[in-house]
Amino acid sequence: MSKARIPFYSLAPQGLQAMIALSQAAKASSLGERIVELVNLRVSQVNGCGVCVDMHWRDLVRQGADPRHLNTVAAWRESPFFDARERAALRWADALNALPHRDDTDAAYGELREHFNETQVAELGYAIAVIRGWNVINLSLRSPIPVNPPPGM
């Protein structure tokens, strides 16, 4: 377990509040909270952000998601537990998260548009961007997974 390099949550309150507001906007979007949290979990898994994996897994469980289903998010392509809309969102999350090192967004975008309108595509882009931001902050500053998470986390 790592020790946080700095207490960033208390050092830049305006940035923190902006990130929280964007996260809340993503959850309140027309995508639905389940899609947003599945994307948050998947992107955090790919990026290796333990704090975020823990947080979003717990949030999905609170929403009533089956833990067995959530255990297969890392292998969503082979998992029978996700519908076509969720698969399109997870594929888009993988594609956007891989930018700029790999760009396979053309095929993913075609599939995405079968299930999401233009507004929802934009909302999903913001959701992916904000979780990537949280991952970068938490990973770079070595935020540890809290043994006893504070309320709201």
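See the structure above.
Everything in this summary refers to the structure shown in the same document. (Residues numbered from 1 in each chain as written. Predicted model: local features only at pLDDT ≥ 70, side-chain atom pairs only at ≥ 80, totals over all residues. Heavy atoms only, no water.)

### Comments concerning the packing of helix α3 (residues 33–47) against helix α4 (residues 50–62)
What counts, and what does not: Axis lines are fitted through C-alpha atoms, for helices just across the contact stretch, and the angle between N-to-C directions can take any value from 0 to 180 degrees. Helix and strand assignments follow DSSP, with helices taken as H or I runs no shorter than four residues and strands as E runs no shorter than two, numbered in order from the N terminus. Roughly parallel covers angles under 35 degrees, roughly antiparallel covers those over 145, roughly perpendicular covers 65 to 115, and oblique covers all other angles. What makes a crossing left-handed is the near helix being turned counterclockwise from the far one by less than a right angle; a clockwise turn instead makes it right-handed. Contacts were defined at the residue level, with two residues in contact if any of their heavy atoms lie within 4.5 Å. Three residue categories are used. Nonpolar comprises Ala, Val, Leu, Ile, Met, Phe, Trp, Tyr, Cys and Pro, charged comprises Asp, Glu, Lys and Arg, and polar comprises the others, including Gly.
Packing of α3 against α4 leaves a shortest axis separation of 8 Å and a crossing angle of 155°. As judged from the angle between their axes, α3 and α4 are roughly antiparallel. Here α3 runs over α4; the crossing is left-handed. Along its contact with α3, which presents E33, R34, E37, L38, N40, L41, S44 and Q45, the element α4 presents C52, V53, H56, W57, D59 and L60. Here the residues of the contact of α3 with α4 sort into 6 nonpolar, 4 polar and 4 charged.

### Details of the layout of surface pockets
As a reminder, the rule being used: A 1.4 Å probe that fits but cannot get out identifies a cavity on a 1 Å grid over protein atoms alone, an open set with protein on both sides within 12 Å along at least five of seven lines counts as a pocket, and a residue lines either if it has an atom within 4 Å of a point. Grid points are joined across faces, edges and corners, and a volume is the space filled by probe spheres set on the points.
The volume enclosed by the largest pocket comes to roughly 490 Å³. Lining the largest pocket are 22 residues; nearest its centre among them are I20, S23, M55, W134 and G152. Mapped onto the lining of the largest pocket, the elements with two or more residues apiece are α2 (13–27), α3, α4 and α8 (118–140). Per-element tally for the lining of the largest pocket: the top contributor is α2, with 6 residues. Here the residues of the lining of the largest pocket are counted per class, giving 13 nonpolar, 6 polar and 3 charged.

### Side note on the nonpolar core
The condition is simple: Nine residue types can take part in a nonpolar core, namely buried Ala, Val, Leu, Ile, Met, Phe, Trp, Tyr and Cys, and a core is a set of them joined through side-chain atoms within 4.5 Å. Relative accessibility thresholds used throughout: buried, under 20% of the residue-type maximum; exposed, over 50%; partly exposed, between the two (1.4 Å probe, protein chains only).
Among the nonpolar cores identified, the biggest contains 30 residues, and V39, W92, F116, L124, I128 and W134 are the most heavily contacted of them. Elements supplying a minimum of two residues to this core: α2, α3, α4, α6 (84–98), α7 (105–113) and α8. Broken down by element, this core gets its largest block of residues, 7 residues, from α8. Non-local contacts of L124, meaning those with residues more than four positions away in its chain, are made with L31, I35, V39, A89, W92 and L112.

### Observations concerning the environment of I131
Its location among the elements puts I131 in helix α8. The class of I131 is buried, set by a relative accessible area of 1%. In the structure, I131 is positioned 69 residues away from R62 in sequence and 19 Å away in space, judged by C-alpha atoms. Apart from the residues within four sequence positions on either side, I131 is in contact with N40, V43, S44, C52 and H56.

### Observations concerning the side chain of N138
Convention followed: Whenever a nitrogen or oxygen atom comes within 3.5 Å of another N or O atom, the pair is scored as a polar contact, on the condition that within protein one atom can donate a hydrogen and the other can accept it, and that pairs from neighbouring residues in sequence are kept only if both atoms are in side chains.
Relative to the helices and strands, N138 resides in helix α8. A polar contact is formed between the side chain of N138 and the side chain of Y9, at a distance of 3.4 Å. With sequence-adjacent residues up to four places away left out, N138 is seen in contact with F8, Y9, C49, V51, C52 and S143.

### A closer look at unusual backbone geometry
Backbone torsion omega between L99 and P100 reads 5°, so that peptide bond is classified as cis. Counting through the fold element by element, P100 comes out in the loop between α6 and α7. A positive phi angle is found at R142, which is not glycine, with a value near 60°. Structurally, R142 is set in the segment after α8.

Such coordinate-based values are descriptive only and should not be taken to indicate function.
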